[in-house]
Every structure is written in C-alpha cells, then in structure tokens.
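Residue-level structure breakdown
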Amino acid sequence: MKPTVVILAAGLGTRMKSAFPKALHELAGKPMLLHVLDAVKGVDPQKVVVVLGHQAERVRAALAGQDVVIAIQEKQLGTGHAVLQAADIIAAADGPVMVLCADTPLLSADILQDLSKTHSTSRAAVTVMTAMADDPFGYGRIVRNKTGIMRIVEEKDASAAQRKIREVNTGIYCFEKEFLLSALRGITNSNAQGEYYLPDTISLARKKRLRVSSVVCPNTEETMGINSRVDLSSAEEIIQRRINRRWMLQGVTMHDPETISIGTEVVLGRDAVLYPNVRLEGSTRIGEGTVVLSGCRIKDSTVGSGVTIKDHCVIEQSIVGDTASVGPFAPLRPGTEL
C-alpha cells in the first residue's frame, strides 16, 4: 500500500547562522527540501505532507507547483510535536506513514524503497532507518538488546556508555498509521530539551510488545543531515560528484571534474566537452559535441550542437545556435539569440 510521507521542515536551523530557513539552502542550485521531495517520488506516495514553521510563508512559496499538503507547527516543540500537526491529514489517509526531514538532501529513492519494503514485510509498528557513524556526536543513539532496538537516546540525554554507541538514528521512519497516531499522544517532554521527541515512539512500541524493525543504510552519505555551512559544503561536493559521474557515464568529457559544477536540471549532449572551472546552472541545455572552455558560466540558456564557448564567457537566458563560436570573455545578456 502506498505510504503517506511527512517531511519535517519547520526548524530554525540556528547553526546555519542564516536569515532564511535551513530547508531553502541550495545544493546544485536547488533547495534542500526539493531534493528530498525528488527522493520521495521513488516510493510513489499517496500523499506528501510538509510541516512548516519558521518562515513558513517563505518555504511555502518555494513549494509552488509541488504536489504537497502543508501543515503548520506554530511553536517548534520537537519532532514528535511536528508530526502531531499533521495528525488529521494522516488519519484521513490509508497505509503506512513515512517520516523524514527536510535537511537530508542526499537521500536516494532506492534507500526509501528499502525502508518501505522492510516495513511491509516485517509487519512492524515502526521501522527505523539507522546508520553506522564514525563520529556519532550529536545523533540519537540506537540502544539494542538481543531482541532488537529498545529505544533511541538523544545526545543530551545519553549516558557516557551510550555515547560510545556508533549506530545512530537518521531521523527517518516508517510507521503503522494507527500506532503512530496513538503514540504521538503518549510521548512526553521529560528530557533535557523539554521537547516531544518522535524517537520516543520506539520505547512506547516496545512497552506495548509491538514489533520494531530497522534498516541500516549502507551508505552513510545518504543520511547526512545538514546542520551547518560546513555540512552544506560537504554535501555540495557529494552531489556534484554524483552528477558529474552520471554525465561522464553518458558520454560527456570533463577535464578536472572536481572543478566543474552542474545543476540538477541541466541537460548535456553526447560528446560535449567541459574544461576546468565551468558552471552550468538552471535549465541550461548543451548540445552534442559542444566544447565549453575554462571559466565559463552558463545559466538558463540553450546552446546548440558543435558550438565552441571560449574561455571566461558568461551566458544567461540566451540561445546559441549550432556551430557558433562565442568569446573569449563574452557576456551574453538575457534575451540574446546568436
């Protein structure tokens, strides 16, 4: 049965030191939240709910055209409280409920499909996605016994022994709907933060002798949470590496790919050649056999086949016809047709 997906995007993101919401910080030219929505499409959800809070209207505007339902968390009182704001929407839907965060933009559709399949086959009340962290600081620790996961303990509430645990909570879950709705009203804020933690639903399930299952994400990059500009930079490197590798496998030559930046909506033709320090942004289209030399930036433009863009050109919202030669040092302003 198709899941209802709840994406938590209400947080302040204080460690980003930013005037705008964390969920809208961009990777490869697209807000983090939209990367998460792309991954979610892989589970073919019956409904996607985005819980907004901090600067809700700004985030809502960024979601224009997306097939989502909005819920509002007026006060940021924790992840459990955030999901509770979507309770009426969840109750009206059928099937399991998947919960994830807007600040995990490196998730793939494949790992979410694995979570959904494991939850379905295990018949669990809740299935948790975990990861093995080299440095688990800041993450909730997975506390197990011989029967499986017993509870999740947040960093600030963990004992010295529990802080040594390397298996961590990724903040990604799949719930049986009725259990989730009941558990959301059973958790308390008796913790160091005074918040209602969604992970506390795990211990509630165990107290009721319900099954708790788990999926260990094999690639810790996918579950990386973005909490600072340092994290954002690391994620940008990862996503650019993925994008560049995909295009090289499809027949694009890149000289020094670590210096080349390509947006998620860019399309490249076979045998295109990109030299160092090239940036391709927005809805740019590059034709077959086109060569883009060093230091060029092309945004929201269509470049035909067999074109040579010489060094240090800036092209925005323009059209360059087949076999043309541009530059060097040429600016093509919006509306140019060459």
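These numbers were taken from a predicted model, which means no experiment stands behind them. (Residues numbered from 1 in each chain as written. Predicted model: local features only at pLDDT ≥ 70, side-chain atom pairs only at ≥ 80, totals over all residues. Heavy atoms only, no water.)

1. A short note on the sheet that holds strand S18 (residues 291-292)
A sheet is described by the order of its strands in space; here 5 strands give the open sequence S12-S15-S18-S21-S24, paired in parallel fashion. Every interior strand has two partners, whereas the edge strands, strand S12 (253-254) and strand S24 (325-326), have only one. (Pairing = 2+ DSSP bridges. Helix = DSSP H or I, 4+ residues; strand = E, 2+ residues; numbered from the N terminus.)

2. Remarks on helix H6 (residues 177-184)
Burial of H6 is extensive: 6 of the 8 residues sit out of reach of the surface. Inspection of H6 places Lys177, Phe179, Leu180, Leu181, Ala183 and Leu184 among the buried residues, and these make up the whole buried set. The inward-facing, buried residues of H6 contact helix H3 (79-84), helix H4 (87-91), strand S6 (97-101), strand S7 (126-132), strand S10 (167-175) and helix H7 (200-207). Capping the start of H6, Glu176 holds a side-chain oxygen 3.1 Å from the backbone nitrogen of Glu178, two or three residues further along. (Buried < 20%, exposed > 50% of the residue type's maximum accessible area, 1.4 Å probe, protein only. Contact = heavy atoms within 4.5 Å. Polar contact = N/O pair within 3.5 Å; in protein donor to acceptor, adjacent residues only side chain to side chain.)

3. As for the state of the cysteines
Under the defined criterion, the tally for this structure stands at 0 disulfides. Unpaired in terms of disulfides, Cys217 finds its nearest cysteine sulfur in Cys101, a separation of 14 Å. By relative accessible area, which is 3% here, Cys217 ends up buried. (Disulfide = S-S within 2.5 Å.)

4. Observations regarding the pairing of strand S4 (residues 47-52)
Taking burial as the measure, the 6 residues of S4 include 5 buried ones, the bulk of the element. By the bridge criterion, 6 bridges tie strand S1 (residues 4-9) to S4 in an arrangement that is parallel. By the bridge assignment for S4, Val5 is matched with Val48. In the sheet, S4 pairs with strand S5 (residues 69-72) via 4 bridges, with the strands oriented parallel. For Val51, the partnering residue across the bridge sits in S5 and is Ala71.

5. Description of the environment of Leu115
By the secondary structure assignment, Leu115 is in helix H5 (residues 109-122). Relative accessible area serves as the criterion here: at 0%, Leu115 is assigned to the buried category. C-alpha separation for the pair Leu115 and Ile142, spaced 27 residues apart in sequence, amounts to 17 Å. Dropping the residues within four chain positions of it, Leu115 is found in contact with Met98, Thr127, Met129, Ile172, Tyr173, Cys174 and Val215.

6. As for the pairing of strand S9 (residues 148-153)
Relative to S9, strand S8 (residues 141-145) runs antiparallel, the two sharing 5 bridges. Pairing of Arg144 across the sheet is with Ile149, part of S9. Between S8 and S9, which pair antiparallel in sequence order, lie 2 residues.

7. So, the nonpolar core
If you look at the biggest cluster of nonpolar residues, it comprises 37 residues, and the most contacted ones within it are Ile262, Leu268, Leu274, Leu280 and Ile309. Take this core: its biggest share by element is 6 residues, from helix H8 (residues 229-249). In contact with Leu274, other than residues within four places in its own chain, are Val252, Thr253, Met254, His255, Ile260, Ile262, Leu268, Leu280 and Val292. Core analysis: the next-biggest nonpolar cluster, separate from the first, contains 33 residues, Val51, Ile89, Val97 and Val128 among them. (Core = buried A, V, L, I, M, F, W, Y, C linked by side-chain atoms within 4.5 Å.)

8. Things to note about the side chain of Glu154
The residue Glu154 is located in the loop between S9 and S10 in this model. Of the side chains with opposite charge, Arg141 comes closest to the buried, unpaired Glu154, at an N-O distance of 7.7 Å. Not counting the four nearest positions on each side in its chain, Glu154 is found in contact with Gly140, Tyr197 and Pro199. (Lys, Arg positive; Asp, Glu negative; His and termini not counted. Salt bridge = Lys/Arg side-chain N within 4 Å of Asp/Glu carboxyl O.)

9. Description of the sheet that holds strand S20 (residues 302-303)
Reading across the sheet, the 4 strands line up as S14-S17-S20-S23 and stay open at both edges, with parallel pairing between neighbours. The open sheet terminates on both sides in strands that have one partner only, identified here as strand S14 (267-268) and strand S23 (319-320). Both S20 and S23 contribute to a ladder of 2 bridges, which runs parallel. Residue pairing for S23: Thr302 is matched across the bridge by Ile319.

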